[in-house]
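For reference, the chains in residue letters:
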Amino acid sequence: MVKMLQCLVVLVSLVVSVHGLDNGLALTPPMGWMSWERFRCNIDCKNQPNDCIGEKLFMDMADRMVEDGFKDAGYEYVNIDDCWASKERDSAGKLQADPDRFPSGIKKLADYVHSRGLKLGIYNDFGTKTCGGYPGSLGHLEVDAKTFAEWGVDMLKMDGCYADVKTMPQGYPNMTKALNATGRPILFSCSWPDYERASKIQPDYKLIAKNCNIWRNYIDIQDSWDSVLKIIDYYAQEQDTLAAVSAPGSFNDPDMLIIGDFSLSVEQAKAQMAMWSILAAPMLMSNDLRTISPEFREILLNKEVIQINQDPSGKMGKRVMQETGIEVWSKTTADSKLAIVFLSRRTDGIPTNYSIILRDAGATSNSAYEFIDLFTWKSVGKFGKRDTMKVAINPNGVRMLLGTPAKTAA
Ligand code: GLA
């Protein structure tokens, strides 16, 4: 009897600890490309055929992802954001792509993206209209889920403009059900908690994690360092709540990577890459892969930094120290390695020399850790948890170190 009870307890705790949708997707943070931050709602394909929201843009990005090493590094989803649809549904009530900008239709585009070994993502809105004013899905959830599945879509970002926020905890799960009912695994990205936060409603993250693979919880990223820092601030402020729900199948989404766009310096780009990595954030680039310069491409293709992001534990790193414009973020990986990000917000022209006792940076192992720098791939030395580590961090920059517990005791 006691044995049976024990078994029951184990079974129940297993069921309870399973996060995420029942679609087997996003076991590690999804990686890919998304149109919004860089290409917005540019629908002027007549005058700007290369930069407008039309099928060419997504085919171009799929090509670049395959041919320039992004696919090999793990970037997989090509995501269409807002402004792809026709302003009217078709006579059967289905969403349809704008015929001038997507003359071949979304199914053909999905076929193309699939033929390149990638996946296609699309965008809709829970309310009456998308944020850009295109048809919303309110009252059409089932038909829209079916349409996306028929087209061969692999990911859906469901925004929350023009909607009653109070209905989201019921409405978004209805879309989860509708997606599940299609039988096609579609990664589900929800903007629900972001709209709740904006309305001063505390999001129920357990419910969100059960129904969404990833979810936006804070303001849209813009092309600025200031915007990157604001998002990091929010994640630090909410880190206990957010880290608690970060797991295989369910991830917090601090929004797109803006590396290679107009504003971030090389140091700042490394900082965004390192921070999104340690946060276990989706790595969705929004940039022009056709013209990106080599130093930014190299940052986005940093396999070691990507590996920390893709750590099978799904855990989100946390800020463990903040002083004199330097922050220390850390995370222990599934294989007991210690990832540390030193982020500098300083602007005083020279690198800052910073010291920390390794224990305060999250070290728990009794073995000393062998550290390497994930941007220079050089050894940084061996440190036990009681040792003081000294690092120099560039202004508005970052150091990302990975420590592997050594065989010998510290
Ligand atoms: C909202 C979202 C953005 C983007 C736009 C599109 O602002 O948060 O990520 O999808 O809508 O209109």
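Residues numbered from 1 in each chain as written. Predicted model: local features only at pLDDT ≥ 70, side-chain atom pairs only at ≥ 80, totals over all residues. Heavy atoms only, no water.

**Focus: the site of the ligand**
Then, number 1: Near the ligand you find Trp36, Asp81, Asp82, Tyr123, Cys131, Gly132, Lys157, Asp159, Arg216 and Asp220, and these make up its full shell.
Then, number 2: With respect to the ligand, the side chain of Asp82 contributes an N or O atom lying 2.7 Å from an oxygen atom.
Then, number 3: Arg216 places a polar side-chain atom, nitrogen or oxygen, 3.2 Å from an oxygen atom of the ligand.
Then, number 4: For the ligand, the protein covers 91% of the area, taking 300 Å² as the surface of the free molecule. (Near = heavy atom within 4 Å. Polar contact = N/O pair within 3.5 Å; in protein donor to acceptor, adjacent residues only side chain to side chain. Areas by Shrake-Rupley, 256 points an atom, 1.4 Å probe, with all protein chains shown as cover.)

**A word on the nonpolar core**
Looking at soluble globular proteins, one finds that nonpolar side chains tend to be buried together.
Then, number 1: Counting 114 residues, the largest nonpolar core has Trp33, Tyr75, Trp84, Ile106 and Trp276 as its most contacted members.
Then, number 2: Ranked by residue count, the leading element in this core is helix H10 (residues 225-237), at 8 residues.
Then, number 3: Residues from two domains meet in this core; each of domain 1 (25-309) and domain 2 (318-409) gives at least three.
Then, number 4: For Tyr75, the residues in contact, after removing those within four places along its chain, are Met31, Gly32, Met65, Phe70, Leu118, Leu257, Met273, Met283, Met285, Leu300, Leu301 and Ile306.
Then, number 5: If you look at the next biggest cluster of nonpolar residues, it comprises 17 residues, including Ile356, Ala363, Ile393 and Leu401. (Core = buried A, V, L, I, M, F, W, Y, C linked by side-chain atoms within 4.5 Å. Buried < 20%, exposed > 50% of the residue type's maximum accessible area, 1.4 Å probe, protein only. Helix = DSSP H or I, 4+ residues; strand = E, 2+ residues; numbered from the N terminus. Domains from an automatic or database assignment. Contact = heavy atoms within 4.5 Å.)

**Remarks on the sheet that holds strand S7 (residues 251-253)**
Then, number 1: The sheet built from 8 strands is open, its strands ordered S7-S6-S5-S4-S3-S2-S1-S8 with parallel pairing. Whereas interior strands pair on both sides, the edge strands pair on one side only; in this sheet they are S7 and strand S8 (283-285). The mean inter-strand angle of the sheet, taken between neighbouring strand axes irrespective of direction, is 25°.
Then, number 2: Taken together, the 2 bridges between strand S5 (residues 187-190) and strand S6 (residues 214-216) define a ladder with parallel strand orientation. Within the sheet, the bridge partner assigned to Ser189 lies in S6 and is Ile214. (Pairing = 2+ DSSP bridges. Axes fitted to C-alpha atoms, helices over the stretch in contact; angles between N-to-C directions.)

**A few points about the pattern of salt bridges**
Side-chain pairing between opposite charges can occur once the charged atoms of the two side chains come close.
Then, number 1: Going through the model one piece at a time under the given rule, you end up with 31 salt bridges.
Then, number 2: The salt bridge partner of Arg116 is Glu67, with a shortest N-O separation of 2.8 Å. Here Arg116 is found in the loop between helix H5 (105-115) and strand S3 (119-125), whereas its partner Glu67 is found in helix H3 (residues 55-67), with 49 residues between them in sequence.
Then, number 3: Exposure remark for Arg116: the relative accessible area of 23% places this residue in the partly exposed category.
Then, number 4: Here Lys119 makes a salt bridge to Glu76, at a shortest N to O gap of 3.2 Å. Placement of the pair is Lys119 in strand S3 and Glu76 in the loop between helix H4 (70-73) and strand S2 (77-79), with a sequence separation of 43 residues.
Then, number 5: You can call Lys119 partly exposed: its relative accessible area is 26%.
Then, number 6: Connected through salt bridges with shared partners, the residues Asp51, Lys56, Asp60, Asp288 and Arg290 form a single ionic network. (Salt bridge = Lys/Arg side-chain N within 4 Å of Asp/Glu carboxyl O.)

**Focus on the domain arrangement of the chain**
Then, number 1: What the domain assignment lists for the chain is domain 1 (25-309) and domain 2 (318-409).
Then, number 2: Spacing between the C-alpha centres of domain 1 and domain 2 amounts to 31 Å.
Then, number 3: Across the contact, 24 residues belong to domain 1 and 23 residues belong to domain 2.
Then, number 4: Both faces considered, domain 1 and domain 2 share a buried interface measuring about 2100 Å² in area, 69% of it formed by carbon and sulfur atoms.
Then, number 5: For domain 1, the biggest contributors to the area lost against domain 2 are Glu267, Ile278 and Ile308; these three give 28% of the whole.
Then, number 6: Between domain 1 and domain 2 we count 2 salt bridges in total.
Then, number 7: Taking the shortest distance from any N to any O, the salt bridge between Asp233 and Arg345 comes out at 2.7 Å.
Then, number 8: At the junction of domain 1 with domain 2, the criterion picks out 7 residue pairs in polar contact (both at pLDDT 80 or more).
Then, number 9: Elements that contribute at least two residues to the side of domain 1 that touches domain 2 include exactly H10, helix H11 (239-244), helix H12 (266-278), helix H13 (294-300) and helix H14 (303-309).
Then, number 10: A total of 8 residues in the side of domain 1 that touches domain 2 trace back to one element, the largest contributor, which is H12.
Then, number 11: The class makeup of the residues in the side of domain 1 that touches domain 2 is 14 nonpolar, 4 polar and 6 charged. (Buried area = accessible area lost by both parts, 1.4 Å probe. Nonpolar A, V, L, I, M, F, W, Y, C, P; charged D, E, K, R; others polar.)

**Comments concerning the side chain of Ser227**
Then, number 1: Here Ser227 lies in helix H10.
Then, number 2: With residues up to four places along the chain from it excluded, the contact list for Ser227 reads Asp220, Ile221 and Gln222.

**Quick word on the state of the cysteines**
Then, number 1: Taken as a whole, this structure holds 4 disulfides when the rule is applied.
Then, number 2: Two residues, Cys41 and Cys83, share a disulfide whose sulfurs are 1.9 Å apart. Of note, the bridge from Cys41 to Cys83 carries an S-S torsion of about -110° and is left-handed in sense. Here Cys41, found in the loop between helix H2 (36-39) and H3, pairs with Cys83, found in the loop between S2 and H5; they are 42 residues apart in sequence, far enough to count as distant.
Then, number 3: The side chain of Cys190 participates in a disulfide bridge whose partner is Cys212; the two sulfur atoms lie 2.1 Å from each other. Here the S-S torsion is close to -95°, and the disulfide linking Cys190 with Cys212 is therefore left-handed. Placement of Cys190 in strand S5 and of Cys212 in the loop between helix H9 (205-211) and S6 is noted, with a sequence separation of 22 residues between them.
Then, number 4: Since its relative accessible area comes to 0%, Cys212 is described here as buried. (Disulfide = S-S within 2.5 Å.)

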